[in-house]
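Observations on the three-dimensional arrangement
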Amino acid sequence: MKLQRNGRTKALAIGAVALVSSLSLAACGSDNNTTKTSSTASGASSAAAITCAAKQSPLQGAGSTAQGNAVDVWKAAYGDACSGSQVSYNGVGSGAGVAQFNQGKVAFAGTDFALKQSDVDASKAVCQNGGQAIDLPMVAGLVTLVYNVPGVDNLILDGQTSAKIFDGQITKWNDPAIAALNPGVTLPGDNIQTFHRSDDSGTSYNLTSYFAKTSNGAWSYAPNKTWQGKGGQSATGSAGVAAQIKQTSDSIGYVELSYAQNNSLKTAAIATGATKAVEATSANAATTLANSTVIGTGNDLALQLDYGTKAEGAYPIVLVTYEIACDKGNSAATLPSLKSFFTYIASNGGQQAIATKGYVPLPTPIASKVQAAIGNLS
């Protein structure tokens, strides 16, 4: 399924990949365009060389909550290197973030799905000098199916069964379809409590893209950032869904891996057609992302993901969070800080800094293209 709107397809194999999640940032504040080395406050093993902007200005972003935990790490390292930095990020969801960008309220947005043509068209009112918004992949990750079922520790699901669960077609944990995927497991006869996102979400878009590809028609809706399934309860943001799963028995929901890890939530393995069900790990998601292709044109680096992969050890429910900025015509006041911060988070040091938080560093072929595109921002 294509995540990009128009343009010729440029196939490009992605090497081993890693994920990136949340943004609550700090930009660099330095009177000089100096390079400093900083280690993250979270204890990440790699130090990063960060070149601070020659002139500091407040930098505001908004959008995807999937990035939240990653940007906490980036903020700490960036703030250490660039004193007086003033970068803020509001995790309002991908849809709201893109809307705020196109209203000129923020310097950049984070979104878990590539821009639609209508979004690009709208951006031309904000991007000056004939510019328009572009997609810069920065955070790679996976969507986990998190559950809280007492006595069940190693749940296996597939596309059709999970789609039916989230659409209210399967309502009991001991349903024959679930039991068939989990031989020897004692499943309770309790009602399934499902939780989905209440806000427009790229996480929902990627999950429903997986359902659309693998459910054999059980999921009758097109992939969408707005939740379309029947029944269930809603929560705001990945943090909200994770909190509900943690406190609700017999529940299931979906969040990025970092939120599952931070909340000690159990994650379902996925039966994909490979010889063994695939665990929700960064390494397994990297196997899938390694086969992604760039389908954007010019400096737009939108990716096409294979949600229907059956490769051994390839976790299928993957996502990429894009940073959205103008290719040209960015605000002159914020451009130096924007390029400085983006340069850091796209660097090997910035990517490695979030590798222990449920994310995987961008593979070299993609990272190199992202770094070049950042250098071309004007």
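Everything discussed here concerns the structure shown above.
Source: prediction; values computed, not measured. (Residues numbered from 1 in each chain as written. Predicted model: local features only at pLDDT ≥ 70, side-chain atom pairs only at ≥ 80, totals over all residues. Heavy atoms only, no water.)

1. Observations concerning the overall build of the protein chain
Along its length, the protein chain carries 12 helices and 15 strands. Residues counted as buried form 58% of the 378 residues belonging to the protein chain. Considering only intrachain contacts with a sequence separation of at least 6, the fraction spanning at least 24 residues in the protein chain is 78%. Of the roughly 13700 Å² of accessible surface on the protein chain, 47% is carried by carbon and sulfur atoms. (Helix = DSSP H or I, 4+ residues; strand = E, 2+ residues; numbered from the N terminus. Buried < 20%, exposed > 50% of the residue type's maximum accessible area, 1.4 Å probe, protein only. Contact = heavy atoms within 4.5 Å. Areas by Shrake-Rupley, 256 points an atom, 1.4 Å probe, with all protein chains shown as cover.)

2. Overview of the pairing of strand E4 (residues 87–90)
Within a regular beta strand, the side chains point alternately toward one face of the sheet and then the other, so they alternate between its two faces. Side chains Val87 and Tyr89 project from E4 onto a buried face, and the interleaved Ser88 and Asn90 project onto a face without burial. One ladder, built from four bridges, connects strand E3 (residues 59–63) with E4; its direction is parallel. When the bridges of E4 are listed, Gln60 appears paired with Ser88. In terms of handedness, the path from E3 via helix H1 (residues 68–81) over to E4 forms a crossover that is right-handed. (Pairing = 2+ DSSP bridges. Right-handed = clockwise from strand over helix to strand, strands pointing away.)

3. Focus: the nonpolar core
Where a protein is soluble and globular, its nonpolar side chains tend to be buried together. Judged by nonpolar contacts, the single largest core of 94 residues is most densely connected at Trp74, Leu145, Leu155 and Phe342. If we ignore the near neighbours within four places in the chain, the residues touching Leu155 are Tyr147, Trp173, Ile178, Asn182, Leu187, Ala268 and Ala269. Core analysis: the next-biggest nonpolar cluster, separate from the first, contains 10 residues, Val146, Ile245, Tyr259 and Leu265 among them. (Core = buried A, V, L, I, M, F, W, Y, C linked by side-chain atoms within 4.5 Å.)

4. Details of the pairing of strand E6 (residues 133–148)
Here E6 lies mainly inside the structure; 16 of its 16 residues are buried. Bridging between E6 and strand E15 (residues 318–326) involves nine bridges; their strand directions are antiparallel. Following the sheet pairing, Ile134 is matched in E15 by Ala325. In this structure, E6 lies alongside strand E10 (residues 251–256), joined through six bridges in antiparallel fashion. Counted as the bridge partner of Asn148 is Ser251 from E10.

5. Quick look at the state of the cysteines
Should the sulfur atoms of two cysteines be covalently bonded, the bond is a disulfide. Tallying each qualifying case throughout the model produces two disulfides. Put simply, Cys52 and Cys82 are joined by a disulfide, and their sulfur atoms are 2.0 Å apart. Across the S-S bond of Cys52 and Cys82 the torsion is about -95°, and the bridge reads as left-handed. Linking Cys52 in the loop between strand E2 (48–51) and E3 with Cys82 in the loop between H1 and E4, this pair joins segments that are 30 residues apart in sequence. Across the pair, exposure class does not vary: Cys52 and Cys82 are buried alike. Each sulfur of the disulfide joining Cys127 and Cys326 lies 2.0 Å from the other. (Disulfide = S-S within 2.5 Å.)

6. Things to note about the packing of aromatic side chains
The tally for this structure, following the rule as stated, stands at 13 aromatic pairs. Between Phe166 and Tyr254, the ring centres sit 5.9 Å apart and the planes meet at 70°, which makes this aromatic pair edge-to-face. You can see Phe166 sitting in helix H4 (residues 159–166) and its partner Tyr254 sitting in strand E10, a full 88 residues away along the chain. A relative accessible area of 0% means that Tyr254 is categorised as buried. What links up through ring pairs into an aromatic cluster is the set Phe166, Tyr210, Phe211, Trp219, Tyr221, Trp227 and Tyr254. (Phe/Tyr/Trp six-rings, centres within 6.5 Å; stacked < 30°, edge-to-face > 60°.)

7. Here we look at helix H6 (residues 202–214)
Because each turn of an α-helix spans 3.6 residues, side chains separated by three or four positions in sequence point in the same direction. Taking 1.5 Å of rise per residue, 13 residues should cover 18 Å, and H6 covers 18 Å from first to last C-alpha, within 8% of that figure. Counting buried residues in H6 gives 10 out of 13 residues, a clear majority hidden from the surface. Looking at H6, one finds that the buried residues are Gly202, Thr203, Ser204, Tyr205, Asn206, Leu207, Thr208, Ser209, Tyr210 and Phe211. Where H6 begins, the capping side chain belongs to Ser201, and its oxygen is found 2.9 Å from the backbone nitrogen of Thr203. Asn216, located one to two residues past H6, shows a positive phi value of around 55°. (Expected span 1.5 Å × (residues − 1). Polar contact = N/O pair within 3.5 Å; in protein donor to acceptor, adjacent residues only side chain to side chain.)

8. Thoughts on the packing of helix H10 (residues 335–346) against helix H12 (residues 364–375)
With their axes 10 Å apart at the nearest point, H10 and H12 run at an angle of 170° to one another. Judged by the angle between their axes, H10 and H12 are roughly antiparallel. Judged by residue contacts, Lys339, Phe342, Thr343 and Ala346 of H10 engage Ala367, Val370, Gln371, Ile374 and Gly375 from H12. Here the contact of H10 with H12 is composed, by residue class, of five nonpolar, three polar and one charged. (Axes fitted to C-alpha atoms, helices over the stretch in contact; angles between N-to-C directions. Parallel < 35°, antiparallel > 145°, perpendicular 65-115°, else oblique. Nonpolar A, V, L, I, M, F, W, Y, C, P; charged D, E, K, R; others polar.)

9. Considerations on the packing of H1 against H10
Between H1 and H10, whose axes approach to 11 Å, the crossing angle comes to 115°. Of the two possible hands of crossing, H1 and H10 adopt the one that is right-handed. Residues Trp74, Ala77 and Tyr78 of H1 pack against Ser337, Ser340, Phe341, Tyr344 and Ile345 of H10. Across the contact of H1 with H10, the residue classes break down as six nonpolar, two polar and no charged. (Left-handed = near helix turned anticlockwise from the far one by under 90°.)

10. Describing H4
Of all eight residues making up H4, six are buried, and the element is well covered by its neighbours. Those residues of H4 that sit buried are Gly159, Thr161, Ser162, Ala163, Ile165 and Phe166. Where H4 is buried, its residues touch E6, strand E7 (156–157), helix H5 (176–181), strand E8 (193–197), H6 and E10. Phi turns positive, to about 75°, at Gly168, one or two residues after H4.

11. As for the environment of Pro361
Structurally, Pro361 can be placed in the loop between helix H11 (348–353) and H12. Taking the C-alpha atoms as reference points, Pro361 and Gly141, 220 residues apart in sequence, are found 9.5 Å from one another.

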